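Spelled out, the chains give:
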Amino acid sequence: MEFITLVKSFEELSPTELYKILRLRNEVFVVEQSCPYQDADNKDPKCYHLMLLKDDGLMAYARLVPPGLSFPQMSIGRVITSPKARGTGAGRILMNTAIEQCHQFFGEGPIQIGAQAYLLKFYSSLGFKEVGEIYDEDGIPHIDMIRA
């Protein structure tokens, strides 16, 4: 599956793009995962937003977080693949692009993530290593990982 890749600062996002991002995050993180939490955490305006699009639909998304906002290191968060795009390789394309873009925007250095624990094998295959123990975040097991 081929995707159109867009990376934009918060200010560059159109209202339609922002709506698609928030809708997908709500669809998966809140509804599908049965996890009521405050998604609007005041970090979005300080981040870059990576979108994979197909036929004008948002297939995958990640938030590129500058150092010092979520972790001391740069970070990738709100990683999400639409149910329509699962099994197509979109998640791997998204993360490889997110890693490249983080280095482009924030320089070389480690990237830290707070990964849902069930995705440990996936993130390990991208070069992330576990740091610390599994912890609960909004009722979902997570583990911090760093890619040096």
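Scanning all chains against the criterion turns up 6 aromatic pairs. Their ring planes at 10° and their centres at 3.7 Å tell us that Y48 and F105 sit as a pair that is stacked. In this pair, Y48 is assigned in strand β2 (residues 48-54) and F105 in helix α2 (residues 90-106), connecting sequence segments 57 residues apart. Between the aromatic rings of Y48 and F106, the centroid separation amounts to 6.0 Å while the plane-to-plane angle is 55°, which identifies the pairing as tilted. Here Y48, found in strand β2, pairs with F106, found in helix α2; they are 58 residues apart in sequence, far enough to count as distant. For Y48, a relative accessible area of 25% corresponds to the partly exposed category. Relative accessible area serves as the criterion here: at 21%, F106 is assigned to the partly exposed category. Through a chain of ring-to-ring contacts, the aromatic side chains of Y48, F105 and F106 assemble into a single cluster.

Counting 24 residues, the largest nonpolar core has I76, I111, I113, Y123, F128 and M145 as its most contacted members. Elements represented by at least two residues in this core include exactly β2, β3 (57-65), β4 (74-81), α2, β5 (111-116) and β7 (140-147). In contact with F128, other than residues within four places in its own chain, are M95, I99, I111, I113, Y123, M145, I146 and R147. Counting 10 residues, the second-largest nonpolar core is a separate cluster that includes L13, L24, V28 and I80.

The next thing to look at is the pattern of salt bridges. As enumerated under the stated definition, the model contains 10 salt bridges in all. For K20, the salt bridge identified is with D56, shortest N-O distance 3.3 Å. Here K20 is found in helix α1 (residues 15-32), whereas its partner D56 is found in the loop between β2 and β3, with 36 residues between them in sequence. The exposure class of K20 is partly exposed, given its relative accessible area of 23%. A salt bridge links R78 to D41; the nearest nitrogen and oxygen atoms lie 3.2 Å apart. Separated by 37 residues along the polypeptide, R78 in strand β4 and D41 in the loop between α1 and β2 bring together distant segments of the chain. Residue classification places R78 among the buried residues on the basis of a relative accessible area of 18%. Judged by its relative accessible area of 25%, D41 falls in the partly exposed class. Sharing partners across several salt bridges, the network here consists of R25, D39, D41, D44, R63 and R78.

Read from one edge of the open sheet, 7 strands run β1-β2-β3-β4-β5-β7-β6, paired in mixed fashion. Two strands lie at the open edges of the sheet, namely β1 (4-9) and β6 (129-137), each paired on one side alone. With strand direction ignored, the average angle separating the axes of adjacent strands in the sheet is 25°. Examined bridge by bridge, β2 and β3 share 7 bridges and lie antiparallel to one another.

Parameters at a glance
- Residues numbered from 1 in each chain as written.
- Predicted model: local features only at pLDDT ≥ 70, side-chain atom pairs only at ≥ 80, totals over all residues.
- Heavy atoms only, no water.
- Phe/Tyr/Trp six-rings, centres within 6.5 Å; stacked < 30°, edge-to-face > 60°.
- Helix = DSSP H or I, 4+ residues; strand = E, 2+ residues; numbered from the N terminus.
- Buried < 20%, exposed > 50% of the residue type's maximum accessible area, 1.4 Å probe, protein only.
- Core = buried A, V, L, I, M, F, W, Y, C linked by side-chain atoms within 4.5 Å.
- Contact = heavy atoms within 4.5 Å.
- Salt bridge = Lys/Arg side-chain N within 4 Å of Asp/Glu carboxyl O.
- Pairing = 2+ DSSP bridges.
- Axes fitted to C-alpha atoms, helices over the stretch in contact; angles between N-to-C directions.

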